[in-house]
Each structure stands twice: as C-alpha cells, then as structure tokens.
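Summary of the model geometry
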Amino acid sequence: MKKSKVLLIYTGGTIGMKEEEIKKSLKPFNFNQITNEVPELNKINCRIDAISFEKPIDSSDVNTYIWEEIGDNIYENYHKYDGFVVLHGTDTMSYTASALSFMFQNLDKPIILTGSQLPIGQVRTDGKENLITSIEIAAAKKNNESIIKEVALYFEYQLFRGNRTTKVSSQHFDAFMSYNFPSLADVGVNIKYNFNAFLKNNNKEFHYSKGFDPKVHVVFFYPGILIKEVMLSIVSSKSKIVILNSYGSGNLPTSQELYSFILEQSKKNKIFLNVSQCASGAIEQNKYENGENLKKVGVVGVKDMTIEAVIVKSMFLLNKFPNDNLKFIENFNFNIAGEFTL
C-alpha cells in the first residue's frame, strides 16, 4: 500500500508551546522540526509535512477569516495529501470544526482537529498522545481509501464528529464531549472505529465553499429576564439571525408580547432560531404549549444541534442566502454535514 502523506497545520494554541529554558516562558516551536519534539512520530508509517500560521492565533481570537485561512490551506493542498491534522486552541475548536464541516462537503479524506490542555513540551502533556493518534487516524486507510472521510475532533482517546462537539472542561484532559452523537472511534490498545456512525457522502462530488456573515445575535434566557430588554436588544441589533437560547426542549417565558414581537420582526426580515441551553437532548417545539406558541410565530427549532454548530451554520448560510429567508430556512433544515440527528 502506498505510504500516506499527512499535512499538519499549526494555527496556534497550547499544544504548540514550548518552555524556554532561560526565561521559563512559553513560546511556539518550529513545527517543521516536530519529530525533534515528538520522536515517536518517526514510527508512524506515513510522511508528515507541516505548515504554521505566521503568527499563532490564540483560540479566543479566532474569527471567520481564520476559518477561511485554515480552509484555504487545506483546499490548496487537498490533492497532495491523504489527510490533514489541524492543531488549534481548545476554547473555540468546536466552532472551527463546525465551520470546516460546512466548508468541505463530500470529503474523501479526513480533516482532524486536535490540541491539548498542557503544552507539548511539558512532562505531563496530553498533547503528544493527541497529536500522535490524530496523525495515525489521518493516515489510516482500508482498501486503499481513507477510513475517516469527514471533519472530526480528536481528544483524550476519543474521535468525535467535529460539528457535534462542545468543550466541557478547562481543567480535565477529556475536555470535549459529543452528547447527542456517538464517537467515531475509541482509542485504547487498538483504535476501534464505529463504522455505523461515519458520515456517508454517497460518492457525491467534493465541494469547497467559504464565506461567513457574522451578523448573528444570541439571546440567553434566565428566570427574571426582562422581556422588554430582550426586545430592545433584538431591535437595536443589526443581526438578521436571532438565536433564542431557551430552556429544556425549547421553552421560553410565556409572553404574548414576545410572541407578537417575534411575528412582527419576522415580517421585517429577521429569522429566529431556537436552541436549548441543555447540552444533551433536542428542541421539541411540539412538546409543550410554550414551544408550540413559538413555532406558530415562525421560530425554527434546531433539533439536537450544538449551539456552536447553530451559530456557525447560521453565519455560513446567511452568506449564501442574504436576502432569501425561505432558502435560508430550507437549507438550515437540511443536514449538510451530519450536524443533527435525522
């Protein structure tokens, strides 16, 4: 079998940091010399090339332009490599994974995102295992085809669909969870792939499409929230997409004033989406009268998508259909990259 080629893309984040011996401060190391830092990579039967962002990006500074820069790097090298590993800060990794999953449709090779909670130069780092296994998965083939053919996130012995993940801990090594979808692989002595969970592209043509419109407004509801303040924030926002971060299966405080307001704003071209504050479960607007009232005034339930995926998908589709609400909603309800359960 032909030796796999994997491209490592370092965007920034803790994993790429190394402690200077004199100053004892952290600074990025040269990923072209990655095998000096992680000699175990020499034992993987694949060729590894690396490119780095000129200035490493703190994950809290990631924006839509960074997503496009990562996407362009992959697209420009797409036919040269068998798989890609994107090293990224953990705080916004799930957002970037979602963005890449919408940008790259009908993949025939893997794009794996990973990072670490401790710098790769520290003795107890989780970065080495995350990096080694991510590269091994990116290089893995069966019958001369890549095993993984989607955007995935690897962290602490589990491979998840990228747009199903959310960061759940800033302290533990198992920092990510996929509450509403099973893992794509579990890693122990062997890598056990969950083939039934893989995204199927049905041999459709590979397609790369970038462009995001960040005019998205999120309203987080809590007991005692002033509905008038909610309405004021929506009216004063230039955002076309309003994400209502609701309770449970999609419930908001009962308010005829709010229902009338949403109906009125919908006629003025705003689109309202309903996403739960619960990490697990789905929006079911038919379950309670409150949710039914929201559905009647045109609020769109997002099924079991993560809030990260909802925000990014909204940006992606708003760029594609800036003046066509029906097309936006139609495509929002379409499963682009396995982001919700059918």
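Owing to the predicted nature of the structure, the values given are computational and were not obtained by experimental measurement.

Things to note about the packing of helix H3 (residues 93–103) against helix H8 (residues 307–320)
The N-to-C vectors of H3 and H8 enclose an angle of 45°; their axes lie 9 Å apart at closest approach. Judged by the inter-axis angle, H3 sits oblique to H8. As H3 packs across H8, the resulting crossing turns out to be right-handed. The residues of H8 that touch H3, namely those facing Ser94, Tyr95, Ser98, Ala99, Phe102 and Met103, are Glu308, Ala309, Ile311, Val312, Lys313 and Phe316. Partitioning the contact of H3 with H8 into residue classes produces eight nonpolar, two polar and two charged.

Observations concerning the sheet that holds strand S11 (residues 158–161)
A sheet is described by the order of its strands in space; here eight strands give the open sequence S4-S1-S5-S7-S10-S11-S14-S15, paired in mixed fashion. Only two strands of the sheet have a single neighbouring strand rather than two, namely strand S4 (46–52) and strand S15 (191–193). Within the sheet, the average angular offset between the axes of one strand and its neighbour, ignoring direction, is 25°.

Some points on unusual backbone geometry
Both trends apply: most residues other than glycine have a negative phi, and most peptide bonds are in trans. With phi around 55°, Asn143 is a residue other than glycine that occupies positive phi space. Considering the arrangement of structural elements, one finds Asn143 in the loop between strand S8 (141–142) and strand S9 (145–146). Within the chain, Glu156 stands out as a residue other than glycine whose phi angle is a positive 50°. The exposure class of Glu156 is partly exposed, given its relative accessible area of 22%.

Comments concerning the environment of Ser237
Here Ser237 lies in the loop between helix H5 (227–236) and strand S18 (241–246). If near-sequence neighbours (up to four positions away) are discounted, Ser237 is found in contact with His217 and Lys270.

Focus: H3
The buried count for H3 comes to 10 of 11 residues, which makes it a mostly enclosed element. Among the residues of H3, Met93, Ser94, Thr96, Ala97, Ser98, Ala99, Leu100, Ser101, Phe102 and Met103 are the ones counted as buried.

Observations regarding the layout of surface pockets
Computed from the structure, the largest pocket encloses a volume of approximately 730 Å³. Together, 33 residues line the largest pocket, and Leu199, Asn335, Ile336, Ala337 and Gly338 are the ones closest to its centre. Breaking the lining of the largest pocket down by element, the ones donating at least two residues are strand S6 (104–105) and H8. Among the elements that line the lining of the largest pocket, the one with the most residues is H8, at three residues. Residue composition of the lining of the largest pocket, grouped by class: 15 nonpolar, 11 polar and seven charged. A volume near 560 Å³ is recorded for the second largest pocket. As for the second largest pocket, its lining consists of 27 residues, and the residues nearest its centre are Asp108, Glu145, Ser146, Ile147 and Lys149. If you list the elements that add at least two residues to the lining of the second largest pocket, you get S8 and S9.

Quick notes on the rules
Residues numbered from 1 in each chain as written. Predicted model: local features only at pLDDT ≥ 70, side-chain atom pairs only at ≥ 80, totals over all residues. Heavy atoms only, no water. Axes fitted to C-alpha atoms, helices over the stretch in contact; angles between N-to-C directions. Helix = DSSP H or I, 4+ residues; strand = E, 2+ residues; numbered from the N terminus. Parallel < 35°, antiparallel > 145°, perpendicular 65-115°, else oblique. Left-handed = near helix turned anticlockwise from the far one by under 90°. Contact = heavy atoms within 4.5 Å. Nonpolar A, V, L, I, M, F, W, Y, C, P; charged D, E, K, R; others polar. Pairing = 2+ DSSP bridges. Buried < 20%, exposed > 50% of the residue type's maximum accessible area, 1.4 Å probe, protein only. 1 Å grid on protein atoms, 1.4 Å probe; cavity = no way out; pocket = protein on both sides within 12 Å on 5 of 7 lines; lining within 4 Å. Points joined across faces, edges and corners; volume = space filled by probe spheres on them.

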